[in-house]
Structures are given as structure tokens and as C-alpha cells.
Amino acid sequence: DTAVSQTPKYLVTQMGNDKSIKCEQNLGHDTMYWYKQDSKKFLKIMFSYNNKELIINETVPNRFSPKSPDKAHLNLHINSLELGDSAVYFCASSQGRRAANYEQYFGPGTRLTVT
Amino acid sequence: QKEVEQDPGPLSVPEGAIVSLNCTYSNSAFQYFMWYRQYSRKGPELLMYTYSSGNKEDGRFTAQVDKSSKYISLFIRDSQPSDSATYLCAMSPMNTGFQKLVFGTGTRLLVSP
């Protein structure tokens, strides 16, 4: 009964490849997020979707493309992977767009290593 | 300069000590303040949440916000080895229609038995 799940947990790939990370939440939330956590533990938001609509799109290379097929799923596709893309990618979800519904639930993370 | 600054640590304390974790921020629009705990190789989990200035207590944890100084704190009383983790502060402005959290870099806490 995992709340927010991500696959795969680990991803090792070579520069130039294209890869996808999948996220699913079973909490009934309507808002989902992708975060990147670098080697210094700095967690930075990349994207957010509310009811399949993109509502946050930070300054992220356009090699990164999120896709939300429905409210419970948010996938992240990365083209032409670079060494600097190595990081832990976290998916999160929350209920509602208002800041009053504050709690974001995080998945276990996907550790991406680009060689 | 980052919007939210946090000492990365590590902060090493003996079991039973009182721990003080802090963040400073520069954006006066921040109104919602949170503390997340992250164990090694896990996702962050929400510990405490406060709105605007003031204190909030939950068991051994107390969160304080001083908006005039742009400074927030998390106190842990009677610290336990199980408290060893990275503590991330996060904040959000009030006037956004969505929860764009800005995180600090996290402070790594080590509590020794």
C-alpha cells in the first residue's frame, strides 16, 4: 500500500541515451511534482501538474519532458542524457493547489547515474 | 545567493541532547514554513508546518518562525539515535495558487547513543 511509488529505483545509463522515470500515487491527490536532488542534497522543484495540467515549469532544459496521462501518474522523460543529469529524482503529490493544503508526500526517489 | 540558507552540518550530538536546526531566507513573501526529515536513501517526510510567525510544538519537536529576522528554527528535545537524518526546511509564499516549495540544502544530524 505504497502511497507514492517510482520506477525504477536505480538507473545507470550512458551519456546521450533517452530514459523515462515513472511515478504513481494512490492517495487520490490531484497535484503531482518532480524534484531533483543533487549530490549536495539540494532539492529543487522541476515541474508540477494539477489535474493533468502543467502548473509549475521551472527553468529546466527542454530535454526534460513531463507527461501526466491521468491524475495518479506523472512520468519524466529525459532525452540526450548528460553527466550533469546524475541526481536523485523525487516524485511527490499533494491535494489541491492552495497552499493551505500543504503536505507533499514524496516517493522513494530514483537514483540516476549517467556515465 | 540561495533564497533559503541552511548549514549542511553534519551536526553531531549525544543522545538526550537538545538540537537546534536553523534556516534563514531572503524572500519576505514566504508565509508557510515546513520542516521535512529525510532518512538516507529515502524521500523527505513532513515533520512540522507553521504559518506566518510563532511557535508550534509537537511532542519532542518545536518549530519557531521569526519573520522579522527571516529566521526559522526546529528544536528537538531528548534527541534519539533514530532522529539521525537530514532535516530540510522548506517554505512557500502565500500568494501563489500552487505549492511551490523552496527548500534549504538540509542539515545532516547525527545522534550518537
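Note that the structure is predicted; figures quoted are calculated from it, not measured. (Residues numbered from 1 in each chain as written. Chains lettered and ligands numbered in written order. Predicted model: local features only at pLDDT ≥ 70, side-chain atom pairs only at ≥ 80, totals over all residues. Heavy atoms only, no water.)

Draft legend 1. Summary view of the overall build of chain B. Scanning chain B from N- to C-terminus turns up 0 helices and 11 strands. Counted from the first residue to the last, chain B has its helices and strands arranged as β-β-β-β-β-β-β-β-β-β-β. Relative to the 2.2 N^0.38 estimate, which gives 13 Å for 113 residues, the radius of gyration of chain B is 14 Å and therefore close to what a compact globule would have. The principal-axis extent of the C-alpha atoms belonging to chain B is close to 45 × 30 × 25 Å. Looking at chain B as a whole, 47% of its 113 residues are labelled buried. Considering only contacts in chain B between residues 6 or more positions apart, those separated by 24 or more positions represent 55%. Only carbon and sulfur atoms are counted for the fraction: they give 48% of the accessible area of chain B, which is about 5,200 Å². Taken together, the 11 basic and 10 acidic charged side chains of chain B have centroids lying 7 Å from each other. (Helix = DSSP H or I, 4+ residues; strand = E, 2+ residues; numbered from the N terminus. Rg over C-alpha atoms; globule rule 2.2 N^0.38 Å. Buried < 20%, exposed > 50% of the residue type's maximum accessible area, 1.4 Å probe, protein only. Contact = heavy atoms within 4.5 Å. Areas by Shrake-Rupley, 256 points an atom, 1.4 Å probe, with all protein chains shown as cover. Lys, Arg positive; Asp, Glu negative; His and termini not counted. Charge placed at Lys NZ, Arg CZ, Asp CG, Glu CD.)

Draft legend 2. Region of the structure containing the side chain of S48 of chain A. All names here are of chain A. Structurally, the position occupied by S48 is in strand 5 (residues 43–50). Side-chain polar atoms of S48 contact the backbone oxygen of M32, separated by 3.2 Å. Apart from the residues lying within four places of it in its own chain, the contact partners of S48 are T31, M32, Y33, E53, L54, I55 and I56. (Polar contact = N/O pair within 3.5 Å; in protein donor to acceptor, adjacent residues only side chain to side chain.)

Draft legend 3. Quick peek at the packing of aromatic side chains. Residues and elements named next belong to chain B. With the rule as written, the count across this model stands at 12 aromatic pairs over all chains. Ring centres 5.3 Å apart and planes at 45° place the aromatic pair Y25 and F33 in the tilted group. Ring plane angle 20° and centroid distance 6.0 Å describe the contact between Y32 and Y49, whose orientation is recorded as stacked. Remark: Y49 occurs in strand 5 (residues 45–51) and Y32 occurs in strand 4 (residues 30–38); sequence separation between them is 17 residues. Each member of the pair, Y32 as well as Y49, carries the same accessibility label: buried. (Phe/Tyr/Trp six-rings, centres within 6.5 Å; stacked < 30°, edge-to-face > 60°.)

Draft legend 4. Quick peek at the nonpolar core. All names here are of chain B. Counting 25 residues, the largest nonpolar core has V4, W35, I72, L74, Y87 and M91 as its most contacted members. Sorting the residues of this core by element identifies strand 3 (19–25), strand 4, strand 5, strand 7 (61–66), strand 8 (71–76), strand 9 (85–93) and strand 11 (107–112) as the ones contributing at least two each. For V4, the residues in contact, after removing those within four places along its chain, are C23, T24, Y25, F30, C89, M91, V102, F103 and G104. (Core = buried A, V, L, I, M, F, W, Y, C linked by side-chain atoms within 4.5 Å.)

Draft legend 5. Structural context of the sheet that holds strand 6 (residues 54–58) of chain B. Residues and elements named next belong to chain B. One open sheet holds the 5 strands; their spatial order is 1-3-8-7-6, and the pairing between them is antiparallel. A strand with exactly one partner marks an edge of an open sheet, and here the two such strands are strand 1 (4–5) and strand 6. Judged from the 5 bridges that link them, strand 6 and strand 7 form a sheet pairing that is antiparallel. Bridge pairing links K56 to A63 in strand 7. (Pairing = 2+ DSSP bridges.)

Draft legend 6. Representation of the environment of G109 of chain A in the model. Residue and element names in this part refer to chain A. For G109, the location among the structural elements is in the loop between strand 10 (105–106) and strand 11 (110–114). Separated by 88 residues in the primary sequence, G109 and I21 place their C-alpha atoms 9.9 Å from one another. The contact partners of G109, leaving out residues within four places of it in the chain, are Q6, P8, K9, V88, Y89 and F90.

Draft legend 7. Seen up close, the state of the cysteines. Counted according to the given criterion, the structure contains 2 disulfides over all chains. One disulfide bridge connects C23 of chain A with C91 of chain A, the sulfur atoms lying 1.9 Å from each other. Negative torsions about the S-S bond denote left-handed disulfides, and the value of about -75° found for C23 of chain A with C91 of chain A makes this one left-handed. Taken as a pair, C23 of chain A in strand 3 (residues 19–25) and C91 of chain A in strand 9 (residues 87–94) lie far apart in primary sequence, 68 residues in all. Residue class for C23 of chain A comes out buried when judged on its relative accessible area of 2%. Across the disulfide, C23 of chain B is cross-linked to C89 of chain B (sulfur-sulfur distance 2.0 Å). Residues C23 of chain B and C89 of chain B share a disulfide whose torsion about the S-S bond is about -105°; that sign makes it left-handed. (Disulfide = S-S within 2.5 Å.)

Draft legend 8. Representation of the interface of chain B and chain A in the model. Listed as interface residues are 20 residues of chain B and, on the opposing side, 28 residues of chain A. Summing both partners gives a buried area of about 2,200 Å² for chain B against chain A, and 55% of it is carried by carbon and sulfur. Across the contact surface, chain B and chain A share 1 salt bridge. Between K100 of chain B and E58 of chain A there is a salt bridge whose closest N-O contact spans 3.1 Å. Where chain B touches chain A, the interface holds 3 residue pairs in polar contact (both at pLDDT 80 or more). Those elements that provide at least two residues to the side of chain B that touches chain A are strand 4, strand 5 and strand 9 of chain B. (Buried area = accessible area lost by both parts, 1.4 Å probe. Salt bridge = Lys/Arg side-chain N within 4 Å of Asp/Glu carboxyl O.)

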